[in-house]
Amino acid sequence: NAGVTQTPKFRVLKTGQSMTLLCAQDMNHEYMYWYRQDPGMGLRLIHYSVGEGTTAKGEVPDGYNVSRLKKQNFLLGLESAAPSQTSVYFCASSTSGGPLETQYFGPGTRLLVL
Amino acid sequence: AQTVTQSQPEMSVQEAETVTLSCTYDTSESDYYLFWYKQPPSRQMILVIRQEAYKQQNATENRFSVNFQKAAKSFSLKISDSQLGDAAMYFCAYSRGDKIIFGKGTRLHILP
């Protein structure tokens, strides 16, 4: 039981490049989330999903897209990376109770956009 | 809109002593959940403790306890018998519906 895993752990991009961050969970959780964490800003919700095939916008969705084609995977895409997207990205999942239930976090992905 | 405020960016405590981290929040709702998460240097977020707003009794988890003051919208975390492994960023969070809102965090240093 690996919990929540994120791929890759670290990536460097040039402005304008695209990439996809993968989050996978093996706990059969319904809810999945993508956050970004910046110094002095805490965690901010980018997008979330309440189940397979569904996605919704969070607090800071601009510049990101997501997909939840399989229940266990939640992908975060950057179509045209910008330096403002330099951050640490965390994925999390929770049961059908949503955020009222415990969120299980992945180890994070550090992204640097030059 | 709901907000979560942690007014102490950093705190220090002597090993084996007790420390209290503050958190206030703003909401017009009566039913919600509050959390404290710990983020050690490994960066992985770990749930420390959870409080349901409809419960008057303060939640406790071993050395961790909260002081939940619903009317004052205050949710502080008390760590007793502080240990070196408690050194981390601590985030307070509020949740209702499909979303969760985090505070900016308090970095806790443990002095040996």
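Here's a quick rundown of the structure. Please read all numbers here as calculations on a predicted model, not as lab measurements.

Each value, and the rule that gives it
- Residues numbered from 1 in each chain as written.
- Chains lettered and ligands numbered in written order.
- Predicted model: local features only at pLDDT ≥ 70, side-chain atom pairs only at ≥ 80, totals over all residues.
- Heavy atoms only, no water.
- Helix = DSSP H or I, 4+ residues; strand = E, 2+ residues; numbered from the N terminus.
- Rg over C-alpha atoms; globule rule 2.2 N^0.38 Å.
- Buried < 20%, exposed > 50% of the residue type's maximum accessible area, 1.4 Å probe, protein only.
- Contact = heavy atoms within 4.5 Å.
- Areas by Shrake-Rupley, 256 points an atom, 1.4 Å probe, with all protein chains shown as cover.
- Lys, Arg positive; Asp, Glu negative; His and termini not counted.
- Charge placed at Lys NZ, Arg CZ, Asp CG, Glu CD.
- Pairing = 2+ DSSP bridges.
- Axes fitted to C-alpha atoms, helices over the stretch in contact; angles between N-to-C directions.
- Buried area = accessible area lost by both parts, 1.4 Å probe.
- Salt bridge = Lys/Arg side-chain N within 4 Å of Asp/Glu carboxyl O.
- Polar contact = N/O pair within 3.5 Å; in protein donor to acceptor, adjacent residues only side chain to side chain.
- Nonpolar A, V, L, I, M, F, W, Y, C, P; charged D, E, K, R; others polar.

Of the regular secondary structure elements, chain B holds zero helices and 12 strands. The N-to-C order of helical and strand elements in chain B reads β-β-β-β-β-β-β-β-β-β-β-β. Its C-alpha atoms give chain B a radius of gyration of 13 Å, within 12% of the compact-globule value 13 Å for 112 residues. Considered along the principal axes of its C-alpha atoms, chain B spans approximately 40 × 25 × 20 Å. A buried classification covers 47% of the 112 residues belonging to chain B. Considering only intrachain contacts with a sequence separation of at least 6, the fraction spanning at least 24 residues in chain B is 53%. Element-wise, carbon and sulfur atoms account for 44% of the exposed surface of chain B, whose accessible area totals about 5600 Å². Counting 12 positive and 11 negative side-chain charges, chain B places the averaged centre of each group 5 Å from the other.

Once that is clear, we can look at the sheet that holds strand β3 (residues 19-25) of chain A. Residue and element names in this part refer to chain A. Taking strand neighbours across the sheet as the criterion, the four strands line up as β1-β3-β8-β7 in an open arrangement whose pairing is antiparallel. One side of each edge strand has no neighbouring strand; the edge strands of this open sheet are β1 (4-7) and β7 (65-67). Across the sheet, the axes of successive neighbouring strands diverge by a mean angle of 20°, strand direction being ignored.

Across the contact, 20 residues belong to chain B and 25 residues belong to chain A. For the pair chain B and chain A, the summed buried surface comes to about 1900 Å²; carbon and sulfur atoms form 53% of the total. The interface formed by chain B and chain A holds zero salt bridges in total. Applying the counting criterion to the chain B and chain A interface returns three residue pairs in polar contact (both at pLDDT 80 or more). Mapped by element, the contributors of at least two residues to the side of chain B that touches chain A are β5 (33-39), β6 (46-52), β10 (88-96) and β11 (99-102) of chain B. Broken down by element, the side of chain B that touches chain A gets its largest block of residues, four residues, from β5(B). For the side of chain B that touches chain A, the class distribution of residues is eight nonpolar, six polar and six charged.

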